[in-house]
Amino acid sequence: MSDDENERRRDLRMPNDDEVFAVVTNMLGANRIRVRCADGVERTARIPGRMQKRIWIREDDVVLVEPWDWQDEKADVSWRYEKSEADQLRREGHIQ
């Protein structure tokens, strides 16, 4: 790794115990998105009010989601990565 790449490497927010990486596959409207999670499950994720209108989420964005305990096919979005951060996560092998 060159010095230039080392300087650009940033400490990124990593998932907590109950969070997983996910890629947005579909925008459903009504603050809901379809995501493909790193554990292989397709889930419907909800964008919480604190993120609405502050953070724009689009298809192919990498996000962190927190699956619901009582309904595994649903989740809440807890974080969205910038494109450069998502590229870094792919380079380091955290996501495909």
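The structure presented is a predicted model; accordingly, all values stated were derived computationally and were not measured.

A. The arrangement of the overall build of the protein in detail. The helix and strand inventory of the protein stands at two helices and five strands. Along the chain direction, N to C, the helices and strands of the protein fall in the order α-β-β-β-β-β-α. Within the protein, buried positions represent 34% of all 96 residues. In the protein, of all internal contacts separated by at least 6 residues, the share reaching a separation of at least 24 is 52%. For the protein, the accessible area works out to roughly 6400 Å², and carbon and sulfur atoms hold 44% of it.

B. Representation of the environment of Arg90. Residue position: Arg90 is located in helix 2 (residues 83–91). Classification of Arg90 as partly exposed rests on a relative accessible area of 34%.

C. Layout of the sheet that holds strand 2 (residues 32–37). If you trace the five strands once around the closed barrel, you get 1-2-3-5-4, paired in mixed fashion. For this sheet the average axis-to-axis angle between neighbouring strands, irrespective of direction, equals 55°. Sheet topology note: the strand 2/strand 3 (residues 42–46) ladder contains five bridges and is antiparallel. Bridge pairing links Ile33 to Ala45 in strand 3.

D. Here's a closer look at the pairing of strand 3. Side-chain alternation along strand 3 places Arg43 and Ala45 on a buried face and Glu42, Thr44 and Arg46 on a face that remains uncovered. Note that strand 3 and strand 5 (residues 74–80) share three bridges and pair parallel. Counterpart to Ala45 in the pairing with strand 5 is Ala75.

E. Here's a closer look at unusual backbone geometry. Within the chain, Ala30 stands out as a residue other than glycine whose phi angle is a positive 55°. Inspection of the secondary structure puts Ala30 in the loop between strand 1 (20–29) and strand 2. For Asn31, which is not a glycine, the phi torsion comes out positive at approximately 60°. Along the chain, the position of Asn31 falls in the loop between strand 1 and strand 2. On the basis of relative accessible area, Asn31 is assigned to the partly exposed category, the value being 37%.

F. Representation of helix 2. Those residues of helix 2 that fall on the buried side of the exposure criterion are Glu85, Ala86, Gln88 and Leu89. All buried residues of helix 2 lie within an arc of 160° about the axis, which places them on one face of the element. Structural note: helix 2 exposes Lys83 and Arg91 on the side pointing more than 90 degrees away from its buried face. Directly after helix 2, the chain includes Gly93, whose backbone phi takes a positive value near 85°.

Cut-offs applied
- Residues numbered from 1 in each chain as written.
- Predicted model: local features only at pLDDT ≥ 70, side-chain atom pairs only at ≥ 80, totals over all residues.
- Heavy atoms only, no water.
- Helix = DSSP H or I, 4+ residues; strand = E, 2+ residues; numbered from the N terminus.
- Buried < 20%, exposed > 50% of the residue type's maximum accessible area, 1.4 Å probe, protein only.
- Contact = heavy atoms within 4.5 Å.
- Areas by Shrake-Rupley, 256 points an atom, 1.4 Å probe, with all protein chains shown as cover.
- Pairing = 2+ DSSP bridges.
- Axes fitted to C-alpha atoms, helices over the stretch in contact; angles between N-to-C directions.
- Arc of directions from axis to C-beta.

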